[in-house]
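Report on the structure
What follows is each chain in one-letter form.
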Amino acid sequence: MLTSRLPVIELSGTPRERGRIHGAAMREHIRALIAAHEQFLREYFGADPDEYLGSFRAYGAFEQALARWTPDLLEEVRGIAEGADLPFETMLQYQLIDEEWAYGFYHRRPVVLRQKCSAFGMLPQDGQPGYAGQNMDVPRYIDGHQVLLRIADAQTGAASYVFTYAGLIGLAGMSDVPLGITCNTLNQLRASNDGLPVAFIVRHVLACRSPQEALGFLRTVPHASGQNYILSSRDSVHCLECSAGKVVEFFGNGAGRRVCHTNHALANDDEQDFQALMAALPPDEQVHFSNSRQRYASISTRLGDLRRFVDLAAVKTALSAHDDPENPVSRTYLDTHGSYIGFTAGSLIYDYGEPPRLHLASGPPCSTEYRTFDLKRAQ
């Protein structure tokens, strides 16, 4: 999607009202995505969508965690369902994107090539402000349905920009604290069927009013799926590998001054389920995360080296890179042809200058222009 065509939806009012605005504005897009996802399940898993999603519902027990930790966002999902004129159960399951991937990996098809998303974070250096961000890689059928939510939270006073696709409460974003969060799947880390799902973690973090509050939440909350989060602010960067069993910080270079991450664990060893699954597979079917390792080599070489001068232009170049043509950081339609590894539906850069800004390309940054959003205007 051309960034100039990206819908920007203003969400305000109560959580339910915010959801209704979102659901009504993107109703047809949501219905199209539900149909596209069902087709994906037929093609990739060879499964009847009703049977597959029914078995996932039987597996998942996430509502108790949602009611405890993010009741406001549960209400927002009810509002999205009302605005889109769809059942609440349908819209709730729609939010569980990473949890469904983890279920598919461990219960249906272990060689799921869901290696996707490249992220980074860096503190100020050499007169440059701090930067963080990521390429958000998702299934290719998402393209054309991306949306940017501009959210004013009446309860907390928080204002944020959240990049997502129609109907989903959030993929990643930046708030006016300023505070930013990235996320990338770590399928080798242990998942849980009753932890807090990723989309709800992202949105709750963006409603926190300090980096310390957000960091405490990420360290305390039970995690439903293996995930890496880079939490960034003007003077801090924390890269947290989260699993059902533990949260471990990865420090990267310079004691955490610069961190990069893709889709293989670098610090957390909560891999018992993954190792057991791989041991049961023939050697040629085992997952070695080669795509993730090549992307990590690319982005860490360009952004992780403290000796390198990095400005905004260098960040954009790193997120656009095709250093390994078979495993590029920026994934276009051509790069995803014949593969289920994700398409880069968005590239986000959190700029901690004054004022703080979000630079966003709603497509592969190697071929899509960035647009700048001033966080102060979100208030």
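Structure report, in brief. (Residues numbered from 1 in each chain as written. Predicted model: local features only at pLDDT ≥ 70, side-chain atom pairs only at ≥ 80, totals over all residues. Heavy atoms only, no water.)

**Some details on helix 5 (residues 71-84)**
The terminal C-alpha atoms of helix 5, which comprises 14 residues, lie 20 Å apart, in line with the 20 Å expected from a rise of 1.5 Å per residue. Residues of helix 5 that are buried include every one of Leu73, Leu74, Glu76, Val77, Gly79, Ile80, Ala81, Gly83 and Ala84, and no others. The inward-facing, buried residues of helix 5 contact strand 1 (8-11), helix 1 (15-25), helix 2 (27-45), helix 4 (63-69), helix 6 (88-94) and helix 8 (198-207). (Helix = DSSP H or I, 4+ residues; strand = E, 2+ residues; numbered from the N terminus. Expected span 1.5 Å × (residues − 1). Buried < 20%, exposed > 50% of the residue type's maximum accessible area, 1.4 Å probe, protein only. Contact = heavy atoms within 4.5 Å.)

**A short note on the sheet that holds strand 2 (residues 118-122)**
Within the open sheet, the six strands sit side by side as 11-2-3-12-13-14. Their pairing is antiparallel. Every interior strand has two partners, whereas the edge strands, strand 11 (258-261) and strand 14 (371-374), have only one. When the angles between neighbouring strand axes are averaged without regard to direction, this sheet yields 15°. For strand 2 and strand 11, the ladder comprises four bridges, and the chain directions are antiparallel. Paired with Met122 across the bridge in strand 11 is Arg258. Here helix 12 (residues 312-319) sits on the sheet and contacts strand 2, strand 3 (131-138), strand 12 (343-351) and strand 13 (357-361); the angle it forms with strand 12, its principal contact strand, is near 160°. (Pairing = 2+ DSSP bridges. Axes fitted to C-alpha atoms, helices over the stretch in contact; angles between N-to-C directions.)

**Some thoughts on the pairing of strand 10 (residues 247-250)**
Alignment of strand 9 (residues 237-242) against strand 10, held across four bridges, turns out to be antiparallel. Within strand 10, the residue paired with Cys239 across the bridge is Phe250. Connecting the antiparallel pair strand 9 and strand 10 is a turn made up of four residues.

**Examining the packing of helix 1 against helix 5**
At a minimum axis separation of 6 Å, helix 1 and helix 5 run at an interaxial angle of 35°. Crossing hand, helix 1 versus helix 5: right-handed. Residues Pro15, Arg16, Arg18, Gly19, Arg20, His22, Gly23 and Ala24 of helix 1 form the contact with helix 5, whose participating residues are Asp72, Glu75, Glu76, Arg78, Gly79, Ile80, Glu82, Gly83 and Ala84. Taken together, the residues of the contact of helix 1 with helix 5 break down into four nonpolar, five polar and eight charged. (Left-handed = near helix turned anticlockwise from the far one by under 90°. Nonpolar A, V, L, I, M, F, W, Y, C, P; charged D, E, K, R; others polar.)

**Let's talk about the layout of surface pockets**
Approximately 420 Å³ is the volume attributed to the largest pocket. Taken together, 22 residues make up the lining of the largest pocket; nearest its centre are His37, Leu53, Gln93, Tyr94 and Glu100. Among the elements of the structure, helix 2, helix 3 (49-59), helix 6 and helix 7 (97-107) are those that each provide at least two residues to the lining of the largest pocket. Top element by residues in the lining of the largest pocket is helix 2. It accounts for five residues. A per-class count over the lining of the largest pocket returns 13 nonpolar, three polar and six charged. (1 Å grid on protein atoms, 1.4 Å probe; cavity = no way out; pocket = protein on both sides within 12 Å on 5 of 7 lines; lining within 4 Å. Points joined across faces, edges and corners; volume = space filled by probe spheres on them.)

**Some words on the environment of Tyr333**
Position of Tyr333 relative to the elements: it lies in helix 13 (residues 333-336). In this structure Tyr333 comes out as partly exposed when scored by relative accessible area, which is 44%. Put simply, Tyr333 and Arg140 are 193 residues apart on the chain and 7.5 Å apart in space, counted from C-alpha to C-alpha. If we ignore the near neighbours within four places in the chain, the residues touching Tyr333 are Arg140, Asp143 and Phe343.

**A short note on helix 2**
Since the α-helix packs 3.6 residues into each turn, any two residues three or four apart lie on the same face. With 19 residues, helix 2 extends 27 Å between its outermost C-alpha atoms, agreeing within 8% with the 27 Å of an ideal straight helix rising 1.5 Å per residue. Along helix 2, the residues classified as buried are Ile30, Leu33, Ile34, His37, Phe40, Leu41, Tyr44 and Phe45. With its buried residues spanning 120° around the axis, helix 2 presents them on a single face. Among the exposed residues of helix 2, those oriented more than 90 degrees off its buried face are Glu28 and Glu43. (Arc of directions from axis to C-beta.)

**Looking at the side chain of Gln93**
Positionally, Gln93 belongs in helix 6. Of note is the side chain of Gln93, whose polar atom sits 3.3 Å from the side chain of Arg57. Leave out the neighbours within four places in its chain, and Gln93 touches Leu53, Phe56 and Arg57. (Polar contact = N/O pair within 3.5 Å; in protein donor to acceptor, adjacent residues only side chain to side chain.)

**Thoughts on the pattern of salt bridges**
Evaluation of the coordinates by the stated rule reveals 14 salt bridges. Two residues, Glu82 and Arg20, come together in a salt bridge whose shortest N-O distance is 2.7 Å. Pair noted here: Glu82 is in helix 5 and Arg20 is in helix 1, with a separation of 62 residues, a long-range link. Since its relative accessible area comes to 39%, Arg20 is described here as partly exposed. (Salt bridge = Lys/Arg side-chain N within 4 Å of Asp/Glu carboxyl O.)

**Some thoughts on the nonpolar core**
Counting 85 residues, the largest nonpolar core has Ile30, Met136, Leu196, Phe200, Val205, Tyr229 and Leu358 as its most contacted members. Other than its neighbours up to four places away in sequence, Leu358 contacts Leu148, Tyr161, Met174, Leu348, Ile349, Tyr350, Arg371, Thr372, Phe373 and Leu375. Counting residues in each nonpolar core, the second largest holds 13 residues, with Met122, Cys260, Ile299 and Val315 among its members. (Core = buried A, V, L, I, M, F, W, Y, C linked by side-chain atoms within 4.5 Å.)

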